[in-house]
Amino acid sequence: MDNTNIERRGLFERIFGRRPASAPAQPSQPIYTALTAYQPAFTTTGGAIYEDALIRATIHAAAKHCSKLKVEFYGHGATALATRLKRPNTLQTWSQFLDRVRTIYDVDNTCVIVPAFDKYGRVNALYPVLPSSCTVVGDTDTPMLAMRFPTGGYVQMPIWEVGILTKFQYRNDFFGDDNRALQQTRQLIDIQNQGIIEATKSAATYRFMASMGNMADPKDLTDIRDNFNKQNFSGSGGGLLLFDYRFQNPTQIKADHYVVDEGQMKAIKANVFDYFGSNEDVLQNKTYGDRWSAYYEGEIEPWSIQLSEVLSDMLRLLGALEGDSGVMATANRLQYMSNADKLNFANQALDRGAINVDEWRDVFNLAPLPDGQGQVYRIRGEYKAADEAGAVNGTVNNYQSTKEDDNDAE
């Protein structure tokens, strides 16, 4: 079968629905005028910082926790959209999508999310893309995002049709700043790694120096050196290094490669952790309880808020959501409490009708009860269902047990 005429469709066509245009040397429209003096353009670092093991582990730790966020749609039009976006796209689950978005966000300080549409013009997929460069072009009323890709693809889209997550947004009105501030720390990490490698190599070698007296003929020195090498390093030396009597004061040469001490290494790690808002316990999965809450509130929650707002605005502008509808990325923070804290919270909240039985079970990773049996609220003391205690529409109306009720319960 002749496959020469079969059109090869890649990810570019899957997302943008057309064959990639070759990237022009200059944008086809004038550069958009920004408030700052900096051109509204962004160029990826090509993942340079992601090549360092410590930095990669720090970025991955945040991405791993962000991948556990639950993305929910609410408001008018949310049900139909949630059905179409049960998966964000055909290539990724929501956890994979969130992991990649957060990784790109930390590596490049900017992440672009673009929608794809079905044949009816409805949003049916979301893709995190990694262009090699982005430039905002066009006039004041219709700014366009011009994106070039490493494969040579080029596309321009109205900027309101895409979602842009950023951090370190100081110089640029649209994109995040680069990671130049981390360069010195990266150099220290690289020097440290090279020192360890060279020290390991040196430990496997043996070098010495010695002097020889009354040797004026260079040829004699050469003959003695060659004979010494032949006797000791030709494989017949038997593992014993022998010195001719003419060698005086042989001394081993030990190379002392500089390796930073433990205190300096902690300072280097602290620089990385401070830059990414993380710590060693997060990397090693030792964080729970209050320490997890602090990490969540300082690093995960702000990002989840930005993601929720970016997706909500983009989908509303595209007509996929209407009015006050939106997207919310949330996390079950109770999962990171200690077992004792979980038990105390769950029992206190359940006894006061603050949570229902299914929510109580969720704290301990238990499945909901069948047939809606767990959607009942209970009050401490008599443990009657909340609707028997004057509840309306699942809420408790200031019910307090009486002495007679307590006696009956006994």
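Check the entry above for the structure.
Residues numbered from 1 in each chain as written. Predicted model: local features only at pLDDT ≥ 70, side-chain atom pairs only at ≥ 80, totals over all residues. Heavy atoms only, no water.

## Details of the overall build of the protein chain
This is how it is decided: Numbering of helices and strands runs from the N terminus; a helix is a DSSP stretch of H or I covering at least four residues, while a strand is a stretch of E covering at least two. For every residue, the accessible area (1.4 Å probe, protein chains only) is compared with the maximum for its type, and the residue is labelled buried under 20%, exposed over 50%, or partly exposed between those bounds. Here, two residues are considered to be in contact whenever any of their heavy atoms come within 4.5 Å of each other.
Along the protein chain, the regular secondary structure elements total twelve helices and twelve strands. A burial count over the protein chain gives 38% of its 410 residues as buried. Restricting to contacts in the protein chain with at least 6 residues of sequence separation, those with at least 24 account for 63%.

## A word on the nonpolar core
To be explicit about the condition: Joining through side-chain atoms within 4.5 Å is the link that ties buried Ala, Val, Leu, Ile, Met, Phe, Trp, Tyr and Cys residues into a set, and such a set is a nonpolar core.
Counting 36 residues, the largest nonpolar core has F73, I113, L126, L165, W303, L307 and L315 as the members making the most contacts within it. Breaking this core down by element, the ones donating at least two residues are α2 (53–66), β3 (70–74), α3 (78–84), α4 (94–108), β4 (110–117), β5 (123–129), α9 (290–317) and β12 (326–330). At ten residues, the largest contribution of residues to this core is made by α9. With residues near it in sequence (within four places) discarded, L307 still touches L98, I113, L165 and A329.

## Some details on the sheet that holds β4
Under the convention used in this document: Note on pairing: two strands pair once DSSP finds at least 2 bridges between them. Every angle, taken between N-to-C directions, lies between 0 and 180 degrees, and every axis is a line fitted to C-alpha atoms, over only the stretch in contact when it is a helix.
Taken together, three strands build an open sheet; the order of strands is β5-β4-β9 and the sheet is antiparallel. At either margin of the open sheet sits one strand with a lone partner, and together these are β5 and β9 (163–166). Shown here is a sheet whose adjacent strand axes are inclined to one another by a mean of 20°, direction ignored. Summarising the sheet, β4 and β9 pair through four bridges and their orientation is antiparallel. Looking at the pairing, I113 lines up with G163 of β9. Where α9 meets the sheet, its contacts fall on β4, β5 and β9, and the angle it forms with β9 comes to roughly 160°.

## Observations regarding the pairing of β4
A regular strand carries its side chains on alternate faces of the sheet. For β4, the tally of buried residues reaches seven of eight residues, placing the bulk of the element in the interior. In this sheet, β5 lies alongside β4 in antiparallel orientation, the contact comprising six bridges. Residue A116 lies in a different strand from β5, and its bridge partner there is A125. Hairpin connection of β4 to β5: five residues between the antiparallel strands, including G121 at a positive phi of 80°.

Keep in mind these values describe shape, not function.
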